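# Inside the fold
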Amino acid sequence: LLESGDRDGSGQLLSIGVGINLAEAPSPELLEPEAVLPVSVAGELGTVVPAERFLALLASRYAALEAHFIAYGFGPVRTGWLAHAARLGEVITARSGEKSYKGVFDDVDDAGQLVLRGPHGVRKIAAAEVYF
C-alpha cells in the first residue's frame, strides 16, 4: 500500500504499508474466488518470529534499499521488482474506486504505473488494488 502526500508544504511524503502474516494466515473462506491463498511466516518456516524482531530486520533492509534508490533512482528498483513480480504476463484485475480493469500484466513503467494489456488496448494505472 502506497500513499503519497505533502506535509505543510515541506515536501512530498510517501507512506509505505505492508501486511505480513507472522503467526497465522486468514482463513481461505474469507477470500474472493480465485484469490491466492495466504500464508504465514510461522506456517511456512515452522517458527514464530516476534513482531519486533521482524520489524527490525525489515527496517534495516528497507534502509539499504532506500539508500540504493536515492543513489541510483527508480530504474534498478523497477528491474529488480519485475524480476520477482507475481503474475507478470498473466491476466489480473486492477480495481481503482468503482472501476475495475482486467488484462494481462505487461509491465510497470518508468513512472511506477501498472501496465495492463486487454481488450481496451494498453492501459496505465497509477493506483489500484490488484487481484490475481
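Structure report, in brief. Keep in mind the model is a prediction, meaning the values are calculated, not measured.

This paragraph deals with a nonpolar patch on the surface. Together, L2, L14, I16, V18, I20, L55, L58 and Y62 give the surface a local cluster of nonpolar side chains, amounting to about 780 Å² of exposed area. Contributions of two or more residues to the nonpolar patch are made by β2 (12–16) and α2 (51–72). Counting through the fold element by element, I20 comes out in the loop between β2 and α1 (41–45).

All told, the structure shown has six salt bridges when counted by the stated rule. The shortest N-O distance in the salt bridge between D107 and R78 comes to 2.9 Å. Taken together, the positions of D107 in strand β4 (residues 99–108) and R78 in helix α3 (residues 74–83) put the pair 29 residues apart, joining distant regions of the chain. As a salt-bridge pair, R78 and D110 come within 3.9 Å of each other at their nearest N and O atoms. With R78 in helix α3 and D110 in the loop between β4 and β5 (114–118), this pair connects stretches of sequence that are 32 residues apart. A relative accessible area of 18% places R78 in the buried class. Given the relative accessible area of 65%, D110 is considered exposed. Through salt bridges with shared partners, a single network forms among R78, D107 and D110.

Let us now look at unusual backbone geometry. Residues other than glycine seldom take positive phi values, yet R87 does so here, at roughly 65°. Mapped onto the fold, R87 is located in the loop between α3 and β3 (91–96).

Relative to the assigned elements, E66 resides in helix α2. Distance in space between the C-alpha atoms of E66 and V77 is 9.6 Å, their sequence separation being eleven residues.

Definitions and limits used
- Residues numbered from 1 in each chain as written.
- Predicted model: local features only at pLDDT ≥ 70, side-chain atom pairs only at ≥ 80, totals over all residues.
- Heavy atoms only, no water.
- Patch = residues over 30% accessible without salt bridge, like charges linked within 9 Å, V, L, I, M, F, W, Y side chains within 5 Å.
- Areas by Shrake-Rupley, 256 points an atom, 1.4 Å probe, with all protein chains shown as cover.
- Salt bridge = Lys/Arg side-chain N within 4 Å of Asp/Glu carboxyl O.
- Helix = DSSP H or I, 4+ residues; strand = E, 2+ residues; numbered from the N terminus.
- Buried < 20%, exposed > 50% of the residue type's maximum accessible area, 1.4 Å probe, protein only.

What is shown is where atoms sit, not what they do.
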